[in-house]
Amino acid sequence: MIIVDTELKKRAEEGRPVRVAMIGAGAIGRGVASQIVNHTTGMVLAVVANRTVANAARALELSGVSEWQVVSTVEGLDECVAKGIPAVTDDLYLACESAGVDIIVEVLSDVELAAAVALRAFYRGKDYLTMNAEMDATFGLELRARADEAGVVYSVSDGDQPGVEMNLWRYVKSLGLEPLVCGNIKGLQDCRRNPTTQEGFAKTWNQG
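Residues numbered from 1 in each chain as written. Predicted model: local features only at pLDDT ≥ 70, side-chain atom pairs only at ≥ 80, totals over all residues. Heavy atoms only, no water.

Q: Looking at this structure, how should I read the pairing of strand β6 (residues 127-130)?
A: Consecutive residues of a regular strand have side chains that alternate between opposite faces of the sheet. Side-chain alternation along β6 places Tyr128 and Thr130 on a buried face and Asp127 and Leu129 on a face that remains uncovered. Bridging between strand β5 (residues 103-106) and β6 involves four bridges; their strand directions are parallel. Along β6, the bridge assignment pairs isoleucine 104 with tyrosine 128. On the question of chirality, the crossover connecting β5 to the parallel β6 by way of helix α6 (residues 111-123) is right-handed. Inspection of the sheet shows β6 paired to strand β7 (residues 154-156) by three bridges, in the parallel sense. (Buried < 20%, exposed > 50% of the residue type's maximum accessible area, 1.4 Å probe, protein only. Helix = DSSP H or I, 4+ residues; strand = E, 2+ residues; numbered from the N terminus. Pairing = 2+ DSSP bridges. Right-handed = clockwise from strand over helix to strand, strands pointing away.)

Given below as structure tokens:
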């Protein structure tokens, strides 16, 4: 990670940050937006695409961004990127067409739609990072092959459980041990949870 941080710092100093397009603006997307905007040197959130524009704008607003522009064309998006103004759009494929975008970060909950956006991104030469574990479990092998054919990167964020588990597996291997079982077992799981008992958690994390 130190290597990554150093490279991002270098890009920031050179005035060529990684220009990120985020596809999806739900609960996870809002967290990703805040992380990029407020805590990640060397990256800029160039555009947020969501089927509901108001939710895309809200992700920026909650991250402390006070100015953005709604766009519906590639030309409009490229102009925003050039000016350093974040853009929002309801066209999930628009960022794939933009020369001003370096990487697509996808945080959708829809499996089929996410895969379709990935394929468009590959076709347009864009690297693609997903936080959609369900999509990766369904189409990951095929998408990896398609990305390799296109000469771009397809990867899964370690902000979701599969990526975190792989890092833990690597760590255990580095200790000279042989992991036998990997799983996602949360101590907070409650098999008797219902809408009433879940309501407080949902309000706290804005998942209503």
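From this point, the discussion proceeds with the structure in view.
Q: How should I be thinking about the environment of serine 109 in this particular structure?
A: Relative to the assigned elements, serine 109 resides in the loop between β5 and α6. For serine 109 and glycine 24, which are 85 residues apart along the polypeptide, the C-alpha to C-alpha distance reads 8.1 Å.

Q: What exactly am I supposed to notice about the pairing of β5 here?
A: Here strand β1 (residues 18-23) pairs with β5 via four bridges, running parallel. Residue alanine 21 lies in a different strand from β5, and its bridge partner there is isoleucine 104.

Q: When you look at the sheet that holds β5 in this model, what are you seeing that I'm missing?
A: The strands making up a sheet are joined through hydrogen bonds of the backbone, oriented either antiparallel or parallel. Spatially, seven strands are ordered β3-β4-β2-β1-β5-β6-β7 in an open sheet, and the strand pairing comes out parallel. The open sheet has two edge strands with one neighbour each: β3 (69-70) and β7. Here α6 sits on the sheet in contact with β1, β5, β6 and β7, set at roughly 160° to β6. (Contact = heavy atoms within 4.5 Å. Axes fitted to C-alpha atoms, helices over the stretch in contact; angles between N-to-C directions.)

Q: How should I be thinking about the packing of aromatic side chains in this particular structure?
A: Each aromatic ring pair is characterised by the separation of its centres together with the angle its planes make. Scanning the entire structure with this criterion turns up three aromatic pairs. On the numbers, 6.0 Å between centres and 80° between planes, the contact of phenylalanine 122 with tyrosine 128 is edge-to-face. A single burial state applies to phenylalanine 122 and to tyrosine 128, both of which are buried. (Phe/Tyr/Trp six-rings, centres within 6.5 Å; stacked < 30°, edge-to-face > 60°.)

Q: What am I meant to see in helix α1 (residues 2-13) here?
A: The α-helix advances 3.6 residues per turn, and as a result positions three or four apart in sequence lie on the same side. Taking 1.5 Å of rise per residue, 12 residues should cover 16 Å, and α1 covers 16 Å from first to last C-alpha, within 8% of that figure. Of the residues flanking the end of α1, it is glycine 15, one or two places downstream, whose phi is positive at about 75°. (Expected span 1.5 Å × (residues − 1).)

Q: Which parts of the structure should I look at to understand the environment of threonine 73?
A: Locating threonine 73 in the fold gives a position in the loop between β3 and α4 (74-83). For the pair threonine 73 and serine 98, spaced 25 residues apart in the sequence, the C-alpha separation amounts to 9.3 Å.

Q: Can you walk me through the nonpolar core in this structure?
A: A general feature of soluble globular proteins is that nonpolar side chains tend to end up buried together. Core analysis: the largest hydrophobic core is formed by 30 residues, its most contacted members being Ile104, Phe122 and Tyr128. Elements with a contribution of two residues or more to this core: β1, β2 (43-49), α4, α5 (94-97), α6 and α7 (133-150). Here this core takes seven residues from α6, the largest share from any one element. Those residues in contact with isoleucine 104, other than ones at most four positions away along the chain, are Ala21, Ile23, Ala95, Cys96, Ala121, Lys126, Asp127, Tyr128 and Leu129. Counting residues in hydrophobic clusters, the runner-up holds 18 residues, among them Val20, Ala25, Ala59 and Val88. (Core = buried A, V, L, I, M, F, W, Y, C linked by side-chain atoms within 4.5 Å.)

Q: What is the right way to look at the side chain of threonine 130 in this model?
A: Relative to the helices and strands, threonine 130 resides in strand β6. Excluding residues within four positions of it along the chain, threonine 130 makes contact with Glu106, Met135, Tyr154, Ser155, Val156 and Ser157.

Q: Just checking my understanding: could you explain α6 for this structure?
A: Taking 1.5 Å of rise per residue, the 13 residues of α6 would be expected to cover 18 Å, and the 19 Å separating its terminal C-alpha atoms lies within 8% of that figure. Of the positions making up α6, those classed as buried are Leu113, Ala114, Ala115, Val117, Ala118, Ala121 and Phe122. Here the buried face of α6 lies against β1, α5, β5, β6, α7 and β7. Among the residues of α6, the N-terminal cap falls to aspartate 110, whose side-chain oxygen and the backbone nitrogen of glutamate 112 are separated by 3.1 Å. Just downstream of α6 lies glycine 125, where phi reads positive at about 75°. (Polar contact = N/O pair within 3.5 Å; in protein donor to acceptor, adjacent residues only side chain to side chain.)

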